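Analysis of the macromolecular model
Each chain is listed here by its residues.
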Amino acid sequence: MDFIHDRLIDGRQFKCLAILDEYTRENLALPIGRSIKSDDVLSELSRLMGLRGFPNFIRSDNGPEFVSINVRNWLGDLGVGTLFIEPGAPWQNGYVESFNSRFRDEFLNVEIFYSIKEARILAEKWRIAYNEIRPHSALNYMTPARFAASRGAADSASLGSAPSTAPRQEVERKQWAA
């Protein structure tokens, strides 16, 4: 997960939180707000875990919203590992950095936003198109949604690209992170 910043037409800044699945390349969430704090990150992760199960790990930078005591304790209590990239090393979070570049080029640099609400609505439409219409070369030109559907639960143990040291929970676990 990572943040992307942009501005409304009146100059006010807003943030987007991009949460990706490293295995399927799906953009799981793209919430937008004037500010997004650690409690907002927890709320979004909780919603996603309710839908997709618990990941073995979550990769992010060392931003205060990601390394806060609340976030680390909450993830630790769930047995979800954290993989923090080194400061100044965005290549360690390559999937989300690649996504951020496409999101900026194909959406943020193309649209003019008059309100946060408009940015949220348009970003959600873009996110759905990214997952369901736009093919991905690393997925043999399948869309992320089609690739995910073709893998189903059979690959849940092999998702992601990094080992986890987190203890196994009794619930089915999937590794989605970025």
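Worth saying up front: this structure is predicted, and the values here are computed from it rather than measured.

1. Digging into the overall build of the protein chain
Helix and strand counts for the protein chain stand at six helices and six strands. Starting at the N terminus, the α and β elements of the protein chain follow one another as β-β-β-β-α-β-α-α-β-α-α-α. Out of the 178 residues belonging to the protein chain, those deemed buried represent 47%. A sequence separation of at least 24 residues applies to 63% of the contacts in the protein chain between residues at least 6 apart. Taken as a whole, the protein chain presents about 9,100 Å² of accessible surface, with 51% of it coming from carbon and sulfur.

2. Things to note about the pairing of strand β5 (residues 57-60)
With burial as the criterion, each face of β5 is covered, one bearing Phe 57 and Arg 59 and the other bearing Ile 58 and Ser 60. Where β5 lies against strand β6 (residues 81-84), four bridges are found, and the strand directions are parallel. Its bridge partner being in β6, Phe 57 is matched across the sheet by Gly 81.

3. Some thoughts on the packing of aromatic side chains
One pair of aromatic rings is described through two measures. These are the centre distance and the angle between the planes. On inspection of all chains with the given rule, the structure shows 11 aromatic pairs. An angle of 85° between the planes, with centres 5.0 Å apart, marks the rings of Phe 99 and Tyr 130 as edge-to-face. Here Tyr 130 lies in helix α5 (residues 116-132) and Phe 99 lies in helix α4 (residues 94-108), a separation of 31 residues in the sequence. The exposure class of Phe 99 is buried, given its relative accessible area of 1%. Taking the relative accessible area as the measure of exposure, Tyr 130 reaches 4% and is therefore buried. Site record: aromatic cluster; members linked through ring pairs are Phe 14, Phe 99, Phe 103, Phe 107, Phe 113, Trp 126 and Tyr 130. For the cation-ring pair, Lys 15 lies above Phe 3, with the distance from its terminal atom to the ring centre recorded as 4.3 Å.

Thresholds applied
Residues numbered from 1 in each chain as written. Predicted model: local features only at pLDDT ≥ 70, side-chain atom pairs only at ≥ 80, totals over all residues. Heavy atoms only, no water. Helix = DSSP H or I, 4+ residues; strand = E, 2+ residues; numbered from the N terminus. Buried < 20%, exposed > 50% of the residue type's maximum accessible area, 1.4 Å probe, protein only. Contact = heavy atoms within 4.5 Å. Areas by Shrake-Rupley, 256 points an atom, 1.4 Å probe, with all protein chains shown as cover. Pairing = 2+ DSSP bridges. Phe/Tyr/Trp six-rings, centres within 6.5 Å; stacked < 30°, edge-to-face > 60°. Lys NZ or Arg CZ within 6 Å of the ring centre and 35° of its normal.

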